[in-house]
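What follows is the residue order along each chain.
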Amino acid sequence: MTQSDIVQKVWNYCNVLRDDGVSYGDYLEQLTYLIFLKMADEYSKPPYNRESLIPKGLDWESLKLKDGADLEAHYIKILQELGKKEGLLGIIFRKAQNKIQDPAKLKRLISLIDQENWIKLGIDVKGDIYEGLLQKNAEDTKSGAGQYFTPRPLIKAIVEVMRPKPNMKICDPACGTGGFLIAAYEFIVKNYNKELTIEDKKFLKNEAFKGWEIVDNTARLCAMNLYLHGIGGEDYVPVIVQDALAYDPVERFDMVLTNPPFGKKSSITITNGEGKEDKEGLLYQRDDFWVTTSNKQLNFIQHVKTILKVNGKAAVVVPDNVLFEGGAGEVIRRKLLHEFDVHTLLRLPTGIFYAQGVKANVLFFDKKPAREKPWTEKLWIYDFRTNKKFTLKKNPLKFEDLQDFIRCFNPENRLEREETERFKAFTYEELINRDKINLDITWLKDNSLDDIENLPHPDELLSDILEELEAVYEEFKRI
């Protein structure tokens, strides 16, 4: 059974529950509890034989044995008892409540989940299902998911060029369901498995990864995903349920991989050491920020520059406005180019995120020690947008589509790069002399503009127009 088959199966059941008064969000929450208990049960059996954090009597087997009112009472007990536990279990089951009032429907859901071997479907299956259901909900309500999950092939390509290593401390300050952290973990295990000592493995489990996530339900999924990968436990909680921008965590990291939320404004205006007032009277005191702004993405860039160790590396997904916005944006770009080695920019195509019309990029930069001379010598830009068409359904982004970018990036030695049609270098002087230090640079000819003979199908053209209108609408909202 494919991921989309499972999503469809689970969604069909969701409709039954929704008719019963269980909201989509509540249903999704119950589903994650139950799938987690089932997967933890699978891991405790051969061939894995892992020691389970979940006590006997509060596990999946105990749930399967019950019916009717007994089942309902036992499920409530499981949620309450696990919510009191320390460490990861406490995060996963924090404030957990049973929202499925009909025990017969709960029993049907348990038997549906019990029929599948979830681990064989792929370890990140809950993340996949969660995102699949979000997408279904977006299509169903016509209101959009409002969540910008990073496409898995893009995460994989970013990790491929960033090359995480054992004993690195790796952070995602907007970790969502944990996609970047899990991809980094899998990269290390795959590429260094034979070299990993017992100490290395302990470090991977209990120190290497840390994420921040502001939304309770998403943090719950992240905690589940990390636990099922063998990251964290009773003594170490790798995900912190908090707004990452609220404070400097003091801890510093070798690598930051992140796709911050694309909302335009922080709900609270960030203030720097000069202490400008905001409209709501609530302040973040961030003396470490270069500039005061209410733009959330610009604040995430500033947060990332703080939490990186010297010689640390970052890859951050940013919307187009971060590349060209004046005022605070210009100040941040100037500082970043001077104090960091901003070496690569990947221009992403539209049609790869759940929200329509999102125009985004990946900015790669390394933190350097203080000096007078600027650290950025050349910014290499890979244009993966012009003449590239992707859609979530008919032509989704695949890892193979990013192979040319990985080759051009040359992660083995990025000082030895060659220009291609899509990959061009711009010197520090060229960038700094551009109006407002605008990094929104294109040079390829858009074939769709003047190739009258080979115009796409009207449906495609209409879809493109709607996407452009969405993007313009987002810009107007931001302004």
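Residues numbered from 1 in each chain as written. Predicted model: local features only at pLDDT ≥ 70, side-chain atom pairs only at ≥ 80, totals over all residues. Heavy atoms only, no water.

**Some words on unusual backbone geometry**
Alright, step 1. Following proline 46, the chain continues into proline 47 via a peptide bond in cis, with omega recorded as 0°.
Alright, step 2. Tracing the backbone through its elements, the reader meets proline 47 in the loop between α2 (24-43) and α3 (60-64).
Alright, step 3. The phi dihedral of asparagine 49 is positive, around 50°, even though this residue is not glycine.
Alright, step 4. Mapped onto the elements of the fold, asparagine 49 is located in the loop between α2 and α3.
Alright, step 5. Although it is not a glycine, arginine 163 sits at a positive phi angle of roughly 55°.
Alright, step 6. Position of arginine 163 among the secondary structure elements: in the loop between α8 (152-162) and β1 (170-172).
Alright, step 7. A residue is classified by how much of its surface remains accessible, and arginine 163, at 25% relative accessible area, is partly exposed. (Helix = DSSP H or I, 4+ residues; strand = E, 2+ residues; numbered from the N terminus. Buried < 20%, exposed > 50% of the residue type's maximum accessible area, 1.4 Å probe, protein only.)

**Looking at the nonpolar core**
Buried together is how nonpolar side chains tend to be arranged in soluble globular proteins.
Alright, step 1. Counting residues in hydrophobic clusters, the biggest one holds 98 residues, and the most contacted among them are Phe93, Ile158, Phe209, Leu257, Leu346 and Phe364.
Alright, step 2. Residues contacting leucine 346, with those up to four places away along its chain left out, are Leu154, Ala360, Asn361, Val362, Phe364, Tyr382, Phe384, Leu402 and Phe405.
Alright, step 3. The next biggest cluster of nonpolar side chains, apart from the first, holds 38 residues, and it includes Trp212, Val322, Leu363 and Phe365. (Core = buried A, V, L, I, M, F, W, Y, C linked by side-chain atoms within 4.5 Å. Contact = heavy atoms within 4.5 Å.)

**A short note on the packing of α8 against helix α9 (residues 179-192)**
Alright, step 1. Taken N-terminus to C-terminus, the directions of α8 and α9 make an angle of 50°; their axes are 9 Å apart at the nearest point. It follows that α8 is oblique to α9 by the angle criterion. Seen along the crossing, α8 lies across α9 with a hand that is right-handed. Side by side, α8 and α9 meet where Arg152, Ile155, Ile158, Val159 and Glu160 of the first sit next to Gly179, Phe180, Ala183, Ala184 and Phe187 of the second.
Alright, step 2. Residue classes in the contact of α8 with α9 are distributed as seven nonpolar, one polar and two charged. (Axes fitted to C-alpha atoms, helices over the stretch in contact; angles between N-to-C directions. Parallel < 35°, antiparallel > 145°, perpendicular 65-115°, else oblique. Left-handed = near helix turned anticlockwise from the far one by under 90°. Nonpolar A, V, L, I, M, F, W, Y, C, P; charged D, E, K, R; others polar.)

**What about the pairing of strand β2 (residues 209-213)?**
Walk down a regular strand and you will see the side chains alternate between the two sheet faces.
Alright, step 1. Among the five residues of β2, five are classified as buried, and the element is accordingly described as predominantly covered.
Alright, step 2. Here β2 shows two buried faces, one formed by Phe209, Gly211 and Glu213 and the other by Lys210 and Trp212.
Alright, step 3. With three bridges connecting them, β1 and β2 associate as parallel partners. Following the sheet pairing, isoleucine 170 is matched in β2 by phenylalanine 209.
Alright, step 4. Here β2 runs beside strand β3 (residues 239-241); their pairing, made up of three bridges, is parallel. In the sheet register, glutamate 213 faces β3, and the bridge partner there is valine 241.
Alright, step 5. With helix α11 (residues 216-228) bridging β2 and the parallel β3, this β-α-β connection has right-handed handedness. (Pairing = 2+ DSSP bridges. Right-handed = clockwise from strand over helix to strand, strands pointing away.)

**Considering a negative patch on the surface**
Alright, step 1. On the surface, a cluster of negative charge is made up of Glu51, Glu86, Glu234 and Asp235.
Alright, step 2. Turning to its location among the elements, glutamate 234 is positioned in the loop between α11 and β3.
Alright, step 3. For glutamate 234, a relative accessible area of 56% puts it in the exposed group. (Patch = residues over 30% accessible without salt bridge, like charges linked within 9 Å, V, L, I, M, F, W, Y side chains within 5 Å. Areas by Shrake-Rupley, 256 points an atom, 1.4 Å probe, with all protein chains shown as cover. Salt bridge = Lys/Arg side-chain N within 4 Å of Asp/Glu carboxyl O. Lys, Arg positive; Asp, Glu negative; His and termini not counted. Charge placed at Lys NZ, Arg CZ, Asp CG, Glu CD.)

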